[in-house]
Amino acid sequence: MPADPTKAHVASQWAYTSPLIACRFDPKGRYVFSSAEDSTIQRWDVPSGNKINFTAHDSWVFALTVSADGETLLSAGGDGRLIWWPATAEKPEPLRKIDAHQGWIRAIAISPDGRTVATAGNDQSVKLWNMADGAPIRQFTGHENQVYSLLFHPGGQFLLSGDLLGFVHQWEISSGNLVRKFEAKDLHSYNGGQGVHFGGVRSLAISPNGQHLACGGLFKAENPLGAVHEPLVMVFEWESQKLVQSQIAEGVKGSLWRIAYHPDGYLIGACGGSSGGFLL
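Numbers given to residues run from 1 along each chain, matching the order in which its sequence is written. With the structure being a predicted model, the display of local features is reserved for residues of pLDDT at least 70 and the display and counting of side-chain atom pairs for 80 or more, all residues being used for whole-chain, interface and lining totals. Hydrogens and waters are ignored; side-chain quantities use all the structure's heavy atoms.

(A) Expanded view of the side chain of Ser207. Only runs of H or I of at least four residues qualify as helices and only runs of E of at least two qualify as strands under DSSP, and these elements are numbered from the N terminus. You can see Ser207 is positioned in the loop between β19 (203–206) and β20 (212–223). Buried means the residue's accessible area, taken with a 1.4 Å probe over protein chains only, is under 20% of the maximum for its type, while exposed means over 50%, and partly exposed covers the values in between. Residue classification places Ser207 among the buried residues on the basis of a relative accessible area of 7%. A polar side-chain atom of Ser207 sits 2.7 Å from a polar atom in the side chain of Asn209. Nitrogen and oxygen atoms within 3.5 Å of one another constitute a polar contact, given that in protein one can donate a hydrogen and the other can accept it, and given that sequence-neighbouring residues count only through two side-chain atoms. A distance of 3.2 Å separates a polar atom in the side chain of Ser207 from the backbone nitrogen of Gln211. Excluding residues that lie within four positions of it along the chain, Ser207 makes contacts with His212 and Tyr261. Any two residues having at least one pair of non-hydrogen atoms within 4.5 Å are treated as being in contact.

In structure tokens, the structure reads:
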């Protein structure tokens, strides 16, 4: 029986001493991993709410991901460092550290077969690494501004990366070639008075049937530094690249920081901004 999204409710709530930035589930449902503005990572035990901190980064951790078997956590952040962790250890210490990018790393993704990991960030580059030993495999270049989001296509042949200017690049992994671009330019704004580019493709998701690509971020950034903007999701047909839906969350001010398709086919978004935090 399909899940009823109208019955969503708070099942557990945990507090931390510093504002939180990112979070991810352990694929086996045992833990939730989060990062905070004190540069640490937290592992929350789902049944009990007990917490263990992971400490090694020198800056905020913007991106987290967990291997399919739930045994390895990867983290990356403003220090440009990519770190492998034993996800279930009682006293977790880094397994491997790599200075992966110049400046902030904003996104991490693990390939469907679990063999490679992709990273991207403020240096406008996307990089591919060997999951087993951290060896560099390939670098994808072509973005003209900061890269905010990454997503492996479920078929394993392509990697998608979304940038600040609202472009999503589809890369062929085996060759490093750029296959095509999706234009989600409504997710980008430029404010001449403040002299800032703002917005970008903050998150990517592919529908369970593989027919649609969703891009999440923000719209109408009339005052970027004042956080005056609205969350927006743009949905494209995968084959034709045609924009089939563009939806704003009415009455909410903020950005869609994370979007994901539920297995039943509907889209879920996590939004935060000047009007508070919402699950949409």
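Moving on from the coordinates now.
(B) Summary view of the pattern of salt bridges. Salt bridge, as used here, is a side-chain nitrogen of Lys or Arg placed within 4 Å of a carboxyl oxygen of Asp or Glu. Summed over all chains, the structure comprises seven salt bridges. Arg30 is the salt-bridge partner of Asp26, the closest N and O atoms lying 2.8 Å from each other. Relative accessible area serves as the criterion here: at 2%, Asp26 is assigned to the buried category. Judged by its relative accessible area of 26%, Arg30 falls in the partly exposed class. If you follow the salt bridges from partner to partner, you end up with Asp58, Asp79, Arg81 and Asp99 in one network.

(C) Just the sheet that holds strand β10 (residues 116–121), in detail. Note: two strands are recorded as paired if DSSP finds a minimum of 2 bridges between them. With antiparallel pairing, four strands are arranged side by side in an open sheet as β9-β10-β11-β12. Every interior strand has two partners, whereas the edge strands, β9 (105–110) and β12 (136–140), have only one. Direction aside, the axes of adjacent strands within the sheet are offset by 20° on average. Bridge count for β10 against strand β11 (residues 126–130) is five bridges, and the pairing is antiparallel. When the sheet's bridge partners are listed, Ala118 is paired in β11 with Leu128. The axes used here are C-alpha line fits, helices contributing only the stretch in contact, and every angle between their N-to-C directions lies in the interval 0 to 180 degrees.

(D) Structural context of the environment of Leu160. By the secondary structure assignment, Leu160 is in strand β14 (residues 158–163). Of the residues examined, Leu160 reaches a relative accessible area of 0% and is grouped as buried. As for Leu160 and Ala118, which are separated by 42 residues in sequence, their C-alpha atoms are 10 Å apart. Not counting the four nearest positions on each side in its chain, Leu160 is found in contact with Ser149, Leu150, Leu151, Val168, His169, Gln170, Leu204, Ile206, Leu213 and Trp238.

(E) Structural context of the sheet that holds strand β15 (residues 167–172). Ordered in space as β13-β14-β15-β16, the four strands form an open sheet in which the pairing is antiparallel. What marks the edges here is a single partner per strand, and that holds for β13 (147–152) and β16 (178–183). Pairwise comparison of adjacent strand axes, ignoring direction, gives a mean angle of 20° for this sheet. Bridge count for β15 against β16 is five bridges, and the pairing is antiparallel. By the bridge assignment, Gln170 is partnered in β16 with Arg180.

(F) Quick look at the pairing of strand β18 (residues 196–199). Where strand β17 (residues 188–191) lies against β18, four bridges are found, and the strand directions are antiparallel. Residue pairing across strands places His188 opposite Gly199, the latter belonging to β18. The hairpin turn running from β17 into β18, its antiparallel successor, is four residues long, and Gly195 in that turn takes a positive phi close to 65°.

(G) Examining the nonpolar core more closely. Each nonpolar core is a collection of buried residues, namely Ala, Val, Leu, Ile, Met, Phe, Trp, Tyr and Cys, held together in the definition by side-chain atoms within 4.5 Å. By size, the foremost hydrophobic cluster in this structure holds 16 residues, and its most contacted members are Leu160, Val168, Leu204, Leu213 and Cys215. Taken together, the elements giving at least two residues each to this core come down to β14, β19, β20 and β21 (228–237). Of all the elements, β21 adds the most residues to this core, at three residues. Once residues within four sequence positions are removed from consideration, Leu213 is found in contact with Leu160, Val168, Phe182, Leu204, Ala205, Ile206, Met234, Val235, Phe236 and Trp238.

Any functional reading would require information that these geometric values do not contain.
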